[in-house]
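# Coordinate analysis (summary)
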Amino acid sequence: MAEQITLSNVANLQDTTTAQTTINNNYAVIVEAFRDVLSRSGIAPNQMTTVLDMNSNPVINVGAPTSADSAVRLQDITNLATGGVINYYNLSLYSSRAVAASSTIPSDILFIITGGYTTAGDGGSAKYFKYTGSTPGGFQSQDGAWWALNENVVNPMMFGANNQNQSGIDSSAAFQDCIDYTSFLHGTLSDKGGKMTIPAGHYYFGTGLNISNVDVGCVIEGAGKDCVFMYATADINLFTVAGPSKLSGMFLSGYNNVSSTGNVILVTSTGANSTFTDLITNYSNTGIQVDGGNTKLHRVSIAYTFSAGLHALNTTNSIDCDFDTDWSAGQPAHGTNISAWQAG
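Thresholds, definitions, all that
Residues numbered from 1 in each chain as written. Predicted model: local features only at pLDDT ≥ 70, side-chain atom pairs only at ≥ 80, totals over all residues. Heavy atoms only, no water. Helix = DSSP H or I, 4+ residues; strand = E, 2+ residues; numbered from the N terminus. Buried < 20%, exposed > 50% of the residue type's maximum accessible area, 1.4 Å probe, protein only. Areas by Shrake-Rupley, 256 points an atom, 1.4 Å probe, with all protein chains shown as cover. Core = buried A, V, L, I, M, F, W, Y, C linked by side-chain atoms within 4.5 Å. Contact = heavy atoms within 4.5 Å. pLDDT = per-residue confidence, 0-100. Pairing = 2+ DSSP bridges. Salt bridge = Lys/Arg side-chain N within 4 Å of Asp/Glu carboxyl O. Patch = residues over 30% accessible without salt bridge, like charges linked within 9 Å, V, L, I, M, F, W, Y side chains within 5 Å.

## Comments concerning the overall build of the protein
If you tally the helices and strands in the protein, you get 4 helices and 22 strands. Burial statistics for the protein: of 344 residues in total, 40% are counted as buried. For the protein, the accessible surface area stands at approximately 17,700 Å², while carbon and sulfur atoms represent 50% of it.

What follows is the structure, given as structure tokens:
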């Protein structure tokens, strides 16, 4: 690296004292200049103390990244995007969870970040850390190590759900795993329950979803009742709520068959203190069937039920509700102690 210096000329050698002083001063300038030049062999100090301007020229022959401070090369990014891996110190980046699960991960790696679930960019990107065993949402890599999901807010795409309006692809298992993870997060990895968000899209379910009776209820927030559509493809309770929970921002369609016996939402006795907000329920035997007290429904629309729109099983439990619109078929409500409900 160049360093500009200015040296004094020696006028003559006859005046030895003056010549000696000039030469010594020039040596001192040279020594000081070398102190301000980076060393190729690494002699300290060897750090930049100001901005290094490459003047639009590339830095070439950079090695593969090996630590958190290492530079990432274009070939590393390309490798990651096409199914490869980048290792940084004790962190590895994988293009997808599927690639990570099929990989032999170095033993010194403690954390993983994926760019998707099945493929990069499919909405299932997530963070993981090395754990001692199997966990909801976790996986085992080819080398036998277990990896636990490291997210407080999760979405079903991290568990393999499909939101591309493909009716032949069932998202039941992915959604249930996502719900179970929030319970696991509360009981094992955190002091509070997690939150589940649902991205916009169309999802199909052949098996009902169950929210268990956990100390801290499950919070499920859809992106909106006009963009999150969930369809039952069998005669099921689409949601069985057995723990105090909050559901919002979804269009929920039960099984479209006049002989259906299922409900869009079934609130059991242990599901008391649950709240449902900004929902549309459609089809099924009953829109919402409630056996849990202190249930609240706000800005809920119930349509096209084959029996009841709202059915209160336990008449001693209160239900506080307001509706956007009325339902088009079936009786409005069965049961008593339903406060402040209105249709239209």
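## Overview of the nonpolar core
Counting 52 residues, the largest nonpolar core has Ile220, Met230, Phe239, Met250 and Ile265 as its most contacted members. Of the residues forming this core, the biggest block, 7 residues, is contributed by helix H4 (residues 172-189). Discounting residues that sit within four places of it in the chain, Met230 has contacts with Phe175, Ile198, Tyr203, Phe205, Leu209, Leu238, Phe239, Met250, Phe251, Leu252 and Ser253.

## Structural notes on unusual backbone geometry
Residues other than glycine seldom take positive phi values, yet Asn61 does so here, at roughly 60°. Topologically, Asn61 is positioned in the loop between helix H1 (16-35) and helix H2 (74-81). Residues other than glycine seldom take positive phi values, yet Ser284 does so here, at roughly 80°. Mapped onto the elements of the fold, Ser284 is located in the loop between strand S16 (275-282) and strand S17 (286-290). We classify Ser284 as buried; its relative accessible area is 0%.

## Side note on the confidence of the model for the protein
In this model, the protein carries a mean pLDDT of 81, and residues with pLDDT of at least 70 account for 81%. Put simply, strand S22 (residues 338-339) is where the protein has its lowest mean pLDDT, 42, and strand S9 (residues 201-205) is where it has its highest, 97. pLDDT under 50 marks residues 325-344. Its contacts with residues more than four places away, or in other chains, come to 58 contacts.

## Considerations on the pairing of strand S11 (residues 219-222)
Every second residue of S11 is oriented toward a common face, the buried set being Ile220 and Gly222 and the non-buried set Val219 and Glu221. Two strands pair when backbone bridges link them, and strand S8 (residues 195-198) and S11 are joined in this way by 4 bridges, in the parallel orientation. In the strand pairing of S11, Thr197 is matched with Glu221. Of the strand pairs in this sheet, S11 and strand S14 (residues 246-253) are connected by 3 bridges, and their pairing is parallel. Directly across from Glu221, in S14, lies its bridge partner Ser248.

## Some remarks on the pattern of salt bridges
If the charged atoms of two oppositely charged side chains come close together, the side chains can form a pair. Inspection of the entire model under this criterion finds 3 salt bridges. With a closest N to O distance of 2.7 Å, Asp278 and Arg299 form a salt bridge. Taken together, the residues span a long stretch of sequence, with Asp278 in strand S16 and Arg299 in strand S18 (residues 295-303) at a distance of 21 residues. The exposure class assigned to Arg299 is partly exposed, which follows from its relative accessible area of 41%.

## Details of a nonpolar patch on the surface
On the surface, Leu38, Met48, Leu52, Met54, Val59 and Val62 cluster together to form a nonpolar patch covering roughly 480 Å² of accessible area. Mapped onto the secondary structure, Met48 falls in the loop between H1 and H2. Exposure remark for Met48: the relative accessible area of 38% places this residue in the partly exposed category.

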